[in-house]
Amino acid sequence: MKKIVTPFLLVLLVQLVTAQTTRNIQLLDKGWRFLNTDIVGAQSLKYDDSHWQEVVVPHDWAILGPFDMNIDRQIVQVKADGETEKKLRTGRTGALPMFGIGWYRKILPITEADKNKRISIEFDGAMSLAKIYLNGVYIGEQPYGYSSFVFDISKYIQYGKQNLLAVQLENKPESSRWYSGAGIYRNVRLVKTEQIHVVHWGTFITTKKLSAKSAEMNIKTEIEGNPDNSTIKLVTEIYSKSGEKVGTTTSTQKSTEQLVFNQQFKIKNPQIWSIETPLLYTALSKVYVNNVLTDEYKTTFGCRTTRFDKDKGFFLNEKHVKIKGVCMHHDLGPLGAAVNYRATERQMQILKEMGCNAIRTSHNPPSPELLQICDSIGLLVDVEAFDEWKYGKNKNGYDNYFVAWSQKDIRSMVRRDRNHPSVIMWSIGNEMTEQTMAEGKEIADALAKACREEDPTRPVTAGYSKHNDAIKNGLADVVDVVGFNYKPYDYKNKHTEFPNYVLLGSETASTVSSRGEYKFPVKEIKVPWHNDYQVSSYDLEYPNWATTPDTEFEMQDDNDFVLGEFVWTGFDYLGEPTPYNEGTPARSSYFGIVDLVGLKKDRFYLYQSKWSDTPVLHILPHWNWEDRLGQKVPVYCYTNYPKAELFVNGISMGVKQKDKSNKYTRYRLIWEDVVYQPGELKVVAYDENNKAVAEQTVKTASEPFKVKLTADRTTLKAGGKDLSYVTVEVVDKDGNLCPRADNFLFFKVVGAGKLKAICNGNPIDQTSFGSNYMHTFNGKMVAIVESGAEAGEVILNVSGGKLLQENIKINIGK
């Protein structure tokens, strides 16, 4: 019996096939070859790259080192006591080999079937001074390593032959103030569409009115292609997170070279995006030419409103929200700058656990992955464009390209990111040299106008470190939110003097600490320097421009009109090892609330006790002080319980509760006069009725006995990109952490995965992250295991000296 295809089924089949072929997006991650050398003619098809390294993109060519403190040594001008002097800077950019020229080559998956397509190549970021070639022909360039960019390569394709994409990158010395990474460090895609299609970043969805019953939305869609007097129909379908279609709207126009559709739609009983319930929708834009489907384009968005009030602060969906934010550089610690979704997600999850509700992407546009994650878990974002304008901070910095490129770069940033509900403001710059110049207002105004032209719905801000100059020279007047960097003492004064300013602590605190390190005597230290190149986790040490967390807490609490703060920084990052910038082995920062690999410092619990509703009871320091027997070892407690009692070996040291007599007793419980004797520290928390509700115990550990392994995830996805972070601890025979252990450990992985990196969070350790051995730092470190291409299981073995070794199994699923 013959199969009969009815006209209805035939139409349906054609539509299904068309839907699958209208827009094809291919991730270009595998099959790249790389060489970290300048080669004449490397863009040519005839060049033999068989001896080059095979790499997977995203790729950071520098992260495996080796560390070398001679790399990018800089002499900088520093002002101190009213005078300018030259200072040596070592480790400023991480002491890693991220400089020079690198080439990447890849054969593109293009066939004869693509002959009538429009074909583009999309880069989320390439560090830096990117020059793009196809089949030896120069296509274009993008100097700024943090900008996403796209090139239409249709006319350069040779059908019936191989098509070679070649990318030349160059990082010049003295081009950054931190570790930027090197290479094609973000994702690359090949996009194939029909001739008439939605423009790259061509949709813009905004919330016009919002209530529990209804969301009134607007979607602007730009379509381009060859005009032939065809009828263009745009059908936009709205889907909830569960996949339910909740709305459809249709518009029709006659074709021109570029069309703009403005459509309105309503969502009944909308799922409102918020920090607590980050619910998302998808808009599917379908383009029809003479009723034939030619393109489908997806946009993720959320229904939410924002309001910034000069007297009352920030409102999300008309609910007051104090911004409890952190600044974050873009590196992923021991993974470097190469984007990894899971590594980024883990950072954001740790910060949200702390009570953080906002991220400032200091000082550059972030990866798309970071914003996708913030959308999905409920974090607000201040997206920042630049660290330098026309007058730079680095010999070979962005100032060399600012005049020619800044308008394109900032517009690209806004167009790419304006549909993310997590994004609440655009920052045009950080601590710009132009703050002190009359010319600064004109530059700031041009950048602010560009943001508003691309997105009139969000405010523009900037981080002003010289706030009086920024006010005097008019820079503060051209932004909507005036950001003060490290000016907590002046919030009230400036609010009185300039009552129309909406004020934000755009960069705050900059307290420094080393995880698990404690210095005596315990005291507040401005510009600390210790001969072991570490700083104290009593959280009382900071550089000359900075403060302790408590200073900012006090000013935020006492000035409701301030929107909130962005603490410098959420995580430690590579480079900028303040206070040990001058001729030391330090190669990464001390500013983080969390260390370089994601282990929590004590400061994490101070912020968590202030910012979150999670019950917090945390005491410090550890209780292994053989060298301080009979001497005072102050004990601090970070808690959000009303009061707590400290016991040393069962003897009460008294009950403490917070009071406003000074900024430290306002936010910490402190027992100054505890005399060290080995044994047990115990803190008991009480509620308002003096009922004991929680306790924490810290015991004096005996000799290191074994390795303890704890994985954040024991099941990973196959594919070579998923990660498990395994915390490694050295413990005694009773399982107590040995808090001063620096045991030398070896790592071995067998099975369906590999050892991606190891890191101990010590800013002066110069062992390669790609090594299979490293010392622990104060009893801890982390091993990162990456899934393989296929399903199976991975065994991580950790051993060292006479310690009892340990294995952990991680499953790799399909």
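As the structure is a computational prediction, the values presented were derived from the model and not from experiment.

In this structure, what is going on with the overall build of the chain? I would like to understand it.
From N to C terminus, the chain includes ten helices and 48 strands. By the compact-globule yardstick of 28 Å for 814 residues, the chain fits well, its C-alpha radius of gyration being 28 Å. Restricting to contacts in the chain with at least 6 residues of sequence separation, those with at least 24 account for 70%. Put simply, the chain shows about 32600 Å² of open surface, and 50% of that area lies on carbon and sulfur atoms. Across the chain, the mean location of the 100 positive side-chain charges is 4 Å away from that of the 99 negative side-chain charges.

Just checking my understanding: could you explain the sheet that holds strand β21 (residues 313–316) for this structure?
Pairing is antiparallel in the open sheet, where three strands are placed in the order β20-β21-β22. Strands with a single pairing partner mark the edges of an open sheet, and in this sheet they are β20 (306–309) and β22 (319–320). As paired strands, β20 and β21 are joined by four bridges and run antiparallel to one another. Following the sheet pairing, Phe 308 is matched in β21 by Phe 314.

Looking at this structure, I do not really get the nonpolar core. What am I missing?
For soluble globular proteins, the rule of thumb is that nonpolar side chains tend to be buried together. Val 326, Met 348, Trp 389, Ile 428 and Trp 623 are the most contacted members of the largest nonpolar core, which has 122 residues in total. If one sorts the elements of this core by residue count, helix α5 (residues 439–454) sits on top with six residues. Contact partners of Val 326, with chain neighbours within four places excluded, come to Leu 351, Met 354, Cys 356, Ala 358, Ile 359, Arg 360, Phe 566, Val 567, Gly 570, Ile 593 and Trp 611. Listed in part, the 52 residues of the second largest apolar core include Ala 95, Tyr 179, Leu 190 and Cys 759.

How should a nonpolar patch on the surface be read in this particular structure?
On the surface, a nonpolar cluster with roughly 270 Å² of combined accessible area is contributed by Phe 744, Phe 746 and Tyr 773. According to the relative accessible area criterion, Phe 746 is partly exposed, its value standing at 38%.

Please explain empty space enclosed by the protein as it appears in this structure.
Rolling a probe over the atoms, with the probe sized like a water molecule, indicates the empty space that remains. If you walk through the whole model with that rule in mind, you get eight cavities of 30 Å³ or more. Around the largest cavity, the lining is made up of 27 residues, and of these Tyr 144, Tyr 146, Ser 175, Gly 397 and Tyr 398 lie nearest the centre. Its residues assigned to classes, the lining of the largest cavity comprises eleven nonpolar, eleven polar and five charged. Lining the second largest cavity are 16 residues, and of these His 329, His 330, Pro 366, Ser 367 and Leu 370 sit closest to its centre.

How do you make sense of the packing of helix α2 (residues 341–353) against helix α3 (residues 368–377) when you look at a structure like this?
Helix packing for two helices is described by the angle between their axes and how far apart those axes are. Interhelical geometry of α2 versus α3 gives an angle of 45° and a closest axis separation of 10 Å. Viewed along their axes, α2 and α3 adopt a mutual orientation that is oblique. Where α2 crosses over α3, the two elements pack in a sense that is right-handed. Judged by residue contacts, Tyr 341, Thr 344, Glu 345, Met 348, Gln 349 and Lys 352 of α2 engage Glu 369, Leu 370, Gln 372, Ile 373, Cys 374, Ser 376 and Ile 377 from α3.

In this structure, what is going on with the sheet that holds strand β15 (residues 231–239)? I would like to understand it.
Working definition: the strands of a sheet are paired by backbone hydrogen bonds and lie parallel or antiparallel to each other. Taken in spatial order, the four strands line up as β16-β15-β18-β19 in an open sheet, and their pairing is antiparallel. Each edge of the sheet is formed by a strand with only one pairing partner; in this case those strands are β16 (245–254) and β19 (292–301). Pairs of neighbouring strands in the sheet enclose a mean axial angle of 15°, with direction left out of account.

Any chance you could explain the side chain of Lys 519 here in plain terms?
Looking at where Lys 519 falls in the secondary structure, it is placed in the loop between β29 (503–509) and β30 (525–526). Looking at Lys 519, its side chain comes within polar contact range of the side chain of Asp 532, at 2.4 Å. Those residues in contact with Lys 519 that sit more than four places away from it in its chain are His 530, Asp 532, Gln 534, Ser 536, Tyr 538 and Glu 541.

Sorry if this is basic, but what is going on with the pairing of strand β23 (residues 323–327) here?
In the case of a regular strand, side chains alternate between the two sheet surfaces. Within β23, four of the five residues are buried, which leaves the element mostly enclosed by the surrounding structure. In this structure, β23 lies alongside strand β32 (residues 564–568), joined through four bridges in parallel fashion. Opposite Lys 324, over in β32, you have Glu 565 as the bridge partner. Looking at chain direction, β23 and strand β24 (residues 358–360) are connected through three bridges and run parallel. Paired with Val 326 across the strands is Ile 359, a residue of β24. Regarding the hand of the β-α-β motif, the stretch spanning β23, α2 and β24 is right-handed.

I tried to follow helix α8 (residues 549–558) on my own but got confused; where do I start?
Spacing of three or four residues puts side chains on the same side of an α-helix, whose turn is 3.6 residues. For α8, a buried count of seven out of ten residues is recorded, marking the element as mostly surrounded by other parts of the structure. For α8, the set of buried residues is Pro 549, Asp 550, Thr 551, Glu 552, Phe 553, Glu 554 and Gln 556. Against the buried residues of α8 lie α7 (491–497), β29, β32, α9 (602–611) and α10 (663–667).

About the thresholds
- Residues numbered from 1 in each chain as written.
- Predicted model: local features only at pLDDT ≥ 70, side-chain atom pairs only at ≥ 80, totals over all residues.
- Heavy atoms only, no water.
- Helix = DSSP H or I, 4+ residues; strand = E, 2+ residues; numbered from the N terminus.
- Rg over C-alpha atoms; globule rule 2.2 N^0.38 Å.
- Contact = heavy atoms within 4.5 Å.
- Areas by Shrake-Rupley, 256 points an atom, 1.4 Å probe, with all protein chains shown as cover.
- Lys, Arg positive; Asp, Glu negative; His and termini not counted.
- Charge placed at Lys NZ, Arg CZ, Asp CG, Glu CD.
- Pairing = 2+ DSSP bridges.
- Core = buried A, V, L, I, M, F, W, Y, C linked by side-chain atoms within 4.5 Å.
- Buried < 20%, exposed > 50% of the residue type's maximum accessible area, 1.4 Å probe, protein only.
- Patch = residues over 30% accessible without salt bridge, like charges linked within 9 Å, V, L, I, M, F, W, Y side chains within 5 Å.
- Salt bridge = Lys/Arg side-chain N within 4 Å of Asp/Glu carboxyl O.
- 1 Å grid on protein atoms, 1.4 Å probe; cavity = no way out; pocket = protein on both sides within 12 Å on 5 of 7 lines; lining within 4 Å.
- Points joined across faces, edges and corners; volume = space filled by probe spheres on them.
- Nonpolar A, V, L, I, M, F, W, Y, C, P; charged D, E, K, R; others polar.
- Axes fitted to C-alpha atoms, helices over the stretch in contact; angles between N-to-C directions.
- Parallel < 35°, antiparallel > 145°, perpendicular 65-115°, else oblique.
- Left-handed = near helix turned anticlockwise from the far one by under 90°.
- Polar contact = N/O pair within 3.5 Å; in protein donor to acceptor, adjacent residues only side chain to side chain.
- Right-handed = clockwise from strand over helix to strand, strands pointing away.

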